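# Residue-level structure breakdown
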Amino acid sequence: MRTSFDKSRLKILLLEGIHPSAERVFRDAGYSNIEAISTALTDQALIEKLEGVHFLGIRSASQVTRKIFESADKLVAIGCFCIGTNQVDLQAASEHGVVVFNAPYSNTRSVAELVLAEAIMLMRGIPEKSALAHRGVWKKSASDSYEIRGKTLGIVGYGAIGSQLSVLAEGLGMRVIFHDVVSKLPLGNASQVPTLDALLSQADVVSLHVPDLPSTRGMMTRERIDQMKPKAVLINASRGSVVDIDALANALRGQRILGAAIDVFPVEPKSNHDPFESPLTHFDNCILTPHVGGSTQEAQENIGVEVADKLVRYSDNGSTLTSVNFPEVALPPHPQHHRLLHIHENRPGVLSQINRVFAENAINIGSQFLQTTENIGYVVIDVDRDYSEIALENLANVEGTIRCRVLF
Ligand code: NAI
């Protein structure tokens, strides 16, 4: 009977220069078999490198395709040390019993800070004055230059970023209103308004913090931009699909609004070597940033900790909370038991076969947890240490099993 697990047997591969905070988390948790590489790998190189690897960490440049899952037979989890998970074939990951995690909220503060800074700059007309000064023009004037204190900030989408921005903005004396499709508890003195129209007619600063959904695509149309107050500014650090860029360019050309700050675009250059083109480049009163809302050293460090922590928790005790492709289970520690993790196809009959294994072998179950998604079932069973090996052997033969492991 084994009572403890040698964590150095688990191999961890971190690609794309993931922040060292991730490695620190693994080492602090007792994992030492770690290889960190500063770049992404090509398909074939990744297949070769994944031999014997249990945990893979990537950022956005690695492509983890079905072919890779088919050859990576030891892989149990992937950590995307970023927000998006499009670079991973999530369907193939689930079918191979590989759990995928990401870091949706580690850069919330970074985005909120940038937006607040942009609100101040735009309300003072600084982007235009700075651009003119670079061209040798001295435009010393207080005309159309305003403090943000006492102005109304209209936040569209009161989620992680919107609500964080709300708190920071109130600290600077702004009045905050927000619109969200869901009823949200307002933080501080903020108040929810029933419609986007109501928000646009009152806000001096309109800031968008919605996800990319069919309902948010093209949300800021020409008509909506026209509803904004004449001296208002528009900020978009959410998704490039949300604002009609041509309509915004027309509004800036016609001086319909005071200015804008745009961090995300319908089409963005694929790399820093590709050119950036947009009708907004003509306007000095429009701050243009290359999708850097969440790009800070602090966010990178937070992401390293957040994702590595999720991988460690999955490895140590089977918890899948906040996984993007797996049934979510938050599990208590299991000091007196061995823990069996059984990942299976979610179809009728599998659970009764699993329970039969325990009944037929007279194995007492300490506790059992089950969670399913449409395609995957995840059962966690704590059993007496003497019985885990026999249970594991039998569970692996249950029809519909994708993967089966034991944690000591
Ligand atoms: P979140 O999911 O926490 O919040 C989004 C909120 O929008 C939710 O409260 C939701 O109910 C609300 N919402 C959805 N549809 C809506 C609609 N039609 N009208 C009004 N509200 C609606 O998301 P989080 O983390 O606050 O992110 C917000 C956006 O910022 C996302 O699009 C995300 O991709 C983007 N983002 C951009 C970054 C950058 O570098 N510029 C970095 C991080 C996130």
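Here we summarise the structure given alongside this text. Keep in mind it's a predicted model, so treat the numbers as computed, not measured.

## Some words on the site of the ligand
Contacts to the ligand come from 27 residues, most closely from Ala-160, Ile-161, Asp-180, Lys-184 and Val-210. Take Asp-180: an N or O atom from its side chain is 2.6 Å from an oxygen atom of the ligand. Ala-237 places a main-chain nitrogen or oxygen 3.1 Å from a nitrogen atom of the ligand. Here the ligand has 870 Å² of accessible area as a free molecule, and 85% of this is covered by the chains. Within the shell around the ligand, the residues separate by chemical class into 13 nonpolar, 10 polar and four charged.

## What about the packing of aromatic side chains?
Per the counting criterion, the structure on display carries five aromatic pairs. Measuring from ring centre to ring centre gives 6.3 Å for Phe-26 and Tyr-31, while their planes differ by 80 degrees; the resulting arrangement is edge-to-face. The class of Phe-26 is buried, set by a relative accessible area of 2%. Judged by centre distance (3.6 Å) and plane angle (10 degrees), the rings of Tyr-158 and Phe-178 are stacked. You can see Tyr-158 sitting in the loop between β6 (152–156) and α7 (160–171) and its partner Phe-178 sitting in strand β7 (residues 175–179), a full 20 residues away along the chain. A relative accessible area of 3% means that Tyr-158 is categorised as buried. Residue Phe-178 is classed as buried on the basis of its relative accessible area, which comes to 0%.

## Thoughts on unusual backbone geometry
At His-291, a position not held by glycine, the phi torsion is positive, near 50 degrees. Within the element layout of this structure, His-291 appears in the loop between β12 (286–288) and α11 (297–317). Take His-291: its relative accessible area is 40%, and that puts it in the partly exposed class.

Reading guide: rules and limits
- Residues numbered from 1 in each chain as written.
- Predicted model: local features only at pLDDT ≥ 70, side-chain atom pairs only at ≥ 80, totals over all residues.
- Heavy atoms only, no water.
- Near = heavy atom within 4 Å.
- Polar contact = N/O pair within 3.5 Å; in protein donor to acceptor, adjacent residues only side chain to side chain.
- Areas by Shrake-Rupley, 256 points an atom, 1.4 Å probe, with all protein chains shown as cover.
- Nonpolar A, V, L, I, M, F, W, Y, C, P; charged D, E, K, R; others polar.
- Phe/Tyr/Trp six-rings, centres within 6.5 Å; stacked < 30°, edge-to-face > 60°.
- Buried < 20%, exposed > 50% of the residue type's maximum accessible area, 1.4 Å probe, protein only.
- Helix = DSSP H or I, 4+ residues; strand = E, 2+ residues; numbered from the N terminus.

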